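Chain and residue survey
Next come the chains, spelled out residue by residue.
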Amino acid sequence: MDAWHSNIAPKLETKSSKLLIHSFVVKQHKGLTINPYQGCQHRCGYCYATYEWSPDFYDKIYAKSNAPEILESQLKSSKFKRIEPVMISSATDPYQPAEVRYGLTRRCIQVLQKYKAPYYVFTKSINILRDLDLHRGYRDNCFLVWSITTCDENIRRLIEPGTPPADVIFGVIRKFVDAGVCCAVNIDPILPLITDSEAHLDKIITACSNNGVRHVFGALLRLRADIWERMKTILDALDIHEGSYKYQKTIFQFSEPIRPGVNIGPSKSYENRMLDILTYRVRCKGMIPKFPAFLWNRPTMSDQYTDTINHGSQHTLMKYV
Ligand code: SF4
């Protein structure tokens, strides 16, 4: 098994940061993002954020100890006179276990609230429950996005061993829904041959519906050289017959080796079919198959569900400006 799949606790270190809030561009969309941590101990094998800090991404977590202060000084500056919605976070999970120790995400959110900045959180963690009151008190100007890829515990333990089980996450989502906070679920990435069956998606969608989630959307896996190496390990571990062959010949249509820096999406026909199924099933349950749009004021964002963004997952599509 590759190094990403490990039970060894990561090293936690602190460091100072010169800037915290960054602009980003995802295709035609612009926004702001903050990452109070560097690295992530959720250890998702498909993570797109890994390449920035490999090979230590999963094993060494840096807490940006001056993050709240830097954020406040940036928000005070003239550059951000009109504060656009802030994504927390784009390249790490802001509520990973390190947050319990350092509390940087909480303090950054308090700064954003002080400056009346709209924000949305991407997380897979149940540690966010600590901040229920914080988000509830700001619910007209924030929403939460939960990244859930599977309700199958055998698969979850393999593909993202540092995350909580889906039923535990849904228990936390229910508490935020009951508190009146808008909750969305991003099924991202959908993994071909692993989590792409209609029955598999239906389990997640039904759990969303049962727990009051309003928005459900998703995206397909994208391959990069390091992600492909981890995916081969996962396909083998799950005994998926000819999985590696089918990824190369039919679903992603590429030849090894994948050159550094190259990102490969699945074939358009496969991707469209999967997203059509997802959209249909979500609508059947009376939920909205789009990213929450009330903060963006950009119709194209809500109309393009294929442009959904996610911590880690959005990283191939995003460039900082
Ligand atoms: S996908 Fe998100 S939660 Fe998973 S390791 Fe990457 S940053 Fe962490």
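Keep in mind it's a predicted model, so treat the numbers as computed, not measured.

Moving on, we get to the overall build of the protein chain. Each helix and strand counted, the protein chain has 12 helices and 11 strands in total. For the protein chain, long-range pairs separated by at least 24 residues make up 78% of all intrachain contacts whose partners lie at least 6 apart in sequence.

Moving on, we come to the packing of helix α9 (residues 225-237) against helix α10 (residues 243-251). Here α9 crosses α10 at 135 degrees, and the two axes come no closer than 9 Å. When the axis of α9 is compared with that of α10, the two are oblique. Residues Trp 228, Met 231, Lys 232 and Leu 235 of α9 form the contact with α10, whose own contacting residues are Gly 243, Ser 244, Tyr 247 and Gln 248. A class-by-class count of the residues in the contact of α9 with α10 yields four nonpolar, three polar and one charged.

One finds Trp 146, Ile 173, Val 185, Leu 221, Leu 223, Met 231 and Tyr 247 to be the most contacted residues of the largest nonpolar core, which totals 82 residues. Among the elements that line this core, the one with the most residues is helix α7 (residues 166-178), at seven residues. Once residues within four sequence positions are removed from consideration, Val 185 is found in contact with Trp 146, Ile 148, Phe 170, Ile 173, Ile 204, Cys 208, Val 213, His 215, Val 216 and Phe 217.

The subject of this paragraph is the confidence of the model for the protein chain. On average, residues of the protein chain score 89 in pLDDT, and 88% of them reach the 70 mark or higher. The low-confidence segment residues 295-308 (pLDDT under 50) makes 39 contacts with residues lying over four places distant or belonging to another chain. Note that residues 314-321 has pLDDT below 50 and, in this model, 37 contacts with residues that lie over four places away or in other chains.

The next subject is the side chain of Gln 74. Position of Gln 74 among the secondary structure elements: in helix α2 (residues 67-76). With a relative accessible area of 9%, Gln 74 lands in the buried category.

The next point concerns the pattern of salt bridges. Tallied over the full model, the rule gives 20 salt bridges. One salt bridge in this structure joins Arg 281 and Asp 202, with 2.6 Å as the shortest N-O distance. Of this pair, Arg 281 sits in helix α11 (residues 268-284) while Asp 202 sits in helix α8 (residues 198-210); the two residues are 79 residues apart in sequence, bridging distant segments of the chain. Using a relative accessible area of 23% as the deciding quantity, one classes Asp 202 as partly exposed. Among the ionic pairs, Lys 232 bridges to Glu 229, the shortest N-O distance being 3.3 Å. One end of the pair is Lys 232 and the other is Glu 229, both in helix α9 and three residues apart, which spans about a single turn. Lys 232 sits in the buried class, given a relative accessible area of 19%. Among the charged side chains, a network of salt bridges with common partners joins Glu 99, Arg 106, Arg 130 and Asp 131.

Let us look at α10. Of the residues making up α10, those classed as buried are Gly 243, Tyr 247, Gln 248 and Ile 251. Burial along α10 is one-sided: seen end-on, the buried residues are contained in an arc of 135 degrees. Against α9 and α11 lie the buried residues of α10. Directly beyond the C-terminal end of α10, a positive phi value near 55 degrees is found at Gln 253.

Right, let's talk about the pairing of strand β7 (residues 119-123) for a bit. For β7, the tally of buried residues reaches five of five residues, placing the bulk of the element in the interior. Both faces of β7 are covered, namely the face carrying Tyr 119, Val 121 and Thr 123 and the face carrying Tyr 120 and Phe 122. Relative to β7, strand β6 (residues 86-88) runs parallel, the two sharing three bridges. When the sheet's bridge partners are listed, Val 86 is paired in β7 with Tyr 119. Relative to strand β8 (residues 142-147), β7 is paired through five bridges, and the arrangement is parallel.

Criteria and cut-off values
Residues numbered from 1 in each chain as written. Predicted model: local features only at pLDDT ≥ 70, side-chain atom pairs only at ≥ 80, totals over all residues. Heavy atoms only, no water. Helix = DSSP H or I, 4+ residues; strand = E, 2+ residues; numbered from the N terminus. Contact = heavy atoms within 4.5 Å. Axes fitted to C-alpha atoms, helices over the stretch in contact; angles between N-to-C directions. Parallel < 35°, antiparallel > 145°, perpendicular 65-115°, else oblique. Nonpolar A, V, L, I, M, F, W, Y, C, P; charged D, E, K, R; others polar. Core = buried A, V, L, I, M, F, W, Y, C linked by side-chain atoms within 4.5 Å. Buried < 20%, exposed > 50% of the residue type's maximum accessible area, 1.4 Å probe, protein only. pLDDT = per-residue confidence, 0-100. Salt bridge = Lys/Arg side-chain N within 4 Å of Asp/Glu carboxyl O. Arc of directions from axis to C-beta. Pairing = 2+ DSSP bridges.

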